[in-house]
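Report on the structure
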Amino acid sequence: MGNPVDGLASGVVTVRFFAGARAAAGVAETSVAAGLTQDGFVAELAGRHGERLATVLKAASFLVDGVAWRDGQRPLPAGAEVDVLPPFAGG
């Protein structure tokens, strides 16, 4: 059998952008390959959508299937949904 991460990489992950992240990306949704760690995920999106999104991603929170993605070394599973949430102003 191969490396378990190799199996993850053959799938797709849906990425949904919200608020300022959506404006910076220029799209509401995209997809990336499964198996990416958080650094790889951020690099992929920044490379695709530019410096404006890269800046937002530095301060954004990420939810994987509704759960905060705190372990940046945990690879994204195939079929997951990642929500990109920029900081929100409140009051």
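For the structure, check the block above.
Reading guide: rules and limits
- Residues numbered from 1 in each chain as written.
- Predicted model: local features only at pLDDT ≥ 70, side-chain atom pairs only at ≥ 80, totals over all residues.
- Heavy atoms only, no water.
- Core = buried A, V, L, I, M, F, W, Y, C linked by side-chain atoms within 4.5 Å.
- Buried < 20%, exposed > 50% of the residue type's maximum accessible area, 1.4 Å probe, protein only.
- Helix = DSSP H or I, 4+ residues; strand = E, 2+ residues; numbered from the N terminus.
- Contact = heavy atoms within 4.5 Å.
- Pairing = 2+ DSSP bridges.

Observations regarding the nonpolar core
Burial of nonpolar side chains together is a common tendency in soluble globular proteins. Grouped together as the largest cluster of nonpolar side chains are 21 residues, with contacts concentrated most on F17, F41, L45, L53, F62, L76 and V84. Of all the elements in the fold, those that place two or more residues in this core are β1 (12-17), α2 (19-25), α3 (38-49), α4 (51-59), β3 (61-64) and β5 (81-85). For L53, the contacting residues outside a window of four places in its chain are F17, A21, A24, A25 and L45.

Details of the pairing of strand β2 (residues 29-33)
Burial along β2 is one-sided: T30 and V32 are buried, while E29, S31 and A33, pointing the other way, are not. The pairing of β1 with β2 spans five bridges and is antiparallel. Opposite T14, over in β2, you have S31 as the bridge partner.

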